[in-house]
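Take a look at the letters that make up each chain.
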Amino acid sequence: MSLLHKASIIAKLEGADPARAAFLAVWHDSQETRTGDVNHLAKKYGAGEADPAVVTADQVAGMPEALASTVRELIGEYEARESPEAICTRDADKLECMLQGVEYKAQGYRHAQRWIDNSRGRLVTKTANELTDQLLATDPLDWLRSTLGESS
């Protein structure tokens, strides 16, 4: 399930606009095409301190103003984390990160629990927390075993 799916599902279950949440999810990390995806530890050393608004302004320079202003507004909304849709989209992004940690842990990476706990601790919505409870209570390969008709 993609970030767009997660954002729209969380938004729907939270009473927010699922289409708007999906639209935010499409653009939320667009600055990473210029800055890279800076991890949490690297931020401790000052990496990734580029202002998203400045990066976005540079990215949209030369675009038709109708498109450029839309992208600037979307990034501003996501970064402000004030609208229900932005909150749901951020939770979807953190849920996605947590899923990566769960997959790494299942593959034997013993330090993944910190990643899982950190991502989970940043969730805000009731829906994302409930999805997380269900996720953590399930073996990551149960879906595959079920699809293949195998018993776990």
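See the structure above.
Residues numbered from 1 in each chain as written. Predicted model: local features only at pLDDT ≥ 70, side-chain atom pairs only at ≥ 80, totals over all residues. Heavy atoms only, no water.

Q: Is there a simple way to think about the overall build of the protein in this case?
A: Along its length, the protein carries ten helices and zero strands. On the principal axes, the C-alpha backbone points of the protein span a range of 55 × 40 × 25 Å. Burial analysis of the protein (152 residues in total) assigns 31% to the buried set. Residue pairs at least 24 apart in sequence account for 58% of intrachain contacts in the protein once pairs closer than 6 positions are excluded. Of the charged side chains in the protein, 17 are positive and 24 negative, and the gap between their average positions amounts to 5 Å. (Helix = DSSP H or I, 4+ residues; strand = E, 2+ residues; numbered from the N terminus. Buried < 20%, exposed > 50% of the residue type's maximum accessible area, 1.4 Å probe, protein only. Contact = heavy atoms within 4.5 Å. Lys, Arg positive; Asp, Glu negative; His and termini not counted. Charge placed at Lys NZ, Arg CZ, Asp CG, Glu CD.)

Q: Looking at this structure, I do not really get the packing of helix α2 (residues 18-27) against helix α6 (residues 65-80). What am I missing?
A: Any two packed helices are characterised by how steeply their axes cross, that is the angle between the axes, and by the distance between the axes. Look at α2 against α6: their axes get within 10 Å of each other, and the N-to-C directions meet at 100 degrees. Our classification of the angle between α2 and α6 gives roughly perpendicular. Seen from α2, the contacting residues are R20, F23, L24 and W27; seen from α6, they are T70, V71, L74, I75, E77 and Y78. (Axes fitted to C-alpha atoms, helices over the stretch in contact; angles between N-to-C directions. Parallel < 35°, antiparallel > 145°, perpendicular 65-115°, else oblique.)

Q: Can you walk me through α2 in this structure?
A: Listed in full, the buried residues belonging to α2 are A21, A22, L24 and A25. Each buried residue of α2 sits inside an arc of 160 degrees when the element is viewed along its axis, so together they form one side. Here the buried face of α2 lies against α1 (3-14), α6 and α7 (84-106). The N-cap of α2, judged by a side-chain oxygen 3.0 Å from the amide nitrogen of A19 a few residues on, is D17. (Arc of directions from axis to C-beta. Polar contact = N/O pair within 3.5 Å; in protein donor to acceptor, adjacent residues only side chain to side chain.)

Q: Explanation requested: the packing of aromatic side chains in the structure shown.
A: Centre distance and the angle of the planes are the two values used to describe a pair of aromatic rings. Scanning the model with the defined rule gives one aromatic pair in all. Taking the ring centre of Y78 as reference, the NZ or CZ of R81 above it sits at 5.8 Å. (Phe/Tyr/Trp six-rings, centres within 6.5 Å; stacked < 30°, edge-to-face > 60°. Lys NZ or Arg CZ within 6 Å of the ring centre and 35° of its normal.)

Q: Any chance you could explain the environment of G62 here in plain terms?
A: When you line up the elements, G62 lands in the loop between α5 (52-60) and α6. For G62, a relative accessible area of 82% corresponds to the exposed category. Considered as a pair, G62 and A11 are 51 residues apart in the sequence and their alpha carbons are 33 Å apart.

Q: For this particular structure, what's the right way to read the side chain of K94?
A: Relative to the helices and strands, K94 is located in helix α7. Look past the residues within four positions of K94 in its chain and what remains in contact with it is S119, R122 and L123.

Q: Help me understand the side chain of T56 in this model?
A: Structurally, the position occupied by T56 is in helix α5. The class of T56 is buried, set by a relative accessible area of 1%. Non-local contacts of T56, meaning those with residues more than four positions away in its chain, are made with Q31, V71, R72 and I75.

Q: Just checking my understanding: could you explain the pattern of salt bridges for this structure?
A: Two side chains bearing opposite charge may form a pair once their charged atoms approach each other closely. Counting across every chain of the model gives seven salt bridges. Taking the shortest distance from any N to any O, the salt bridge between R20 and E77 comes out at 2.3 Å. With a gap of 57 residues between them, R20 in helix α2 and E77 in helix α6 connect regions that are remote in the sequence. Exposure remark for R20: the relative accessible area of 28% places this residue in the partly exposed category. For E77, a relative accessible area of 19% puts it in the buried group. Here E65 makes a salt bridge to R72, at a shortest N to O gap of 2.4 Å. With a relative accessible area of 35%, R72 lands in the partly exposed category. One continuous salt-bridge network, built from bridges that share partners, spans D139, D142 and R145. (Salt bridge = Lys/Arg side-chain N within 4 Å of Asp/Glu carboxyl O.)

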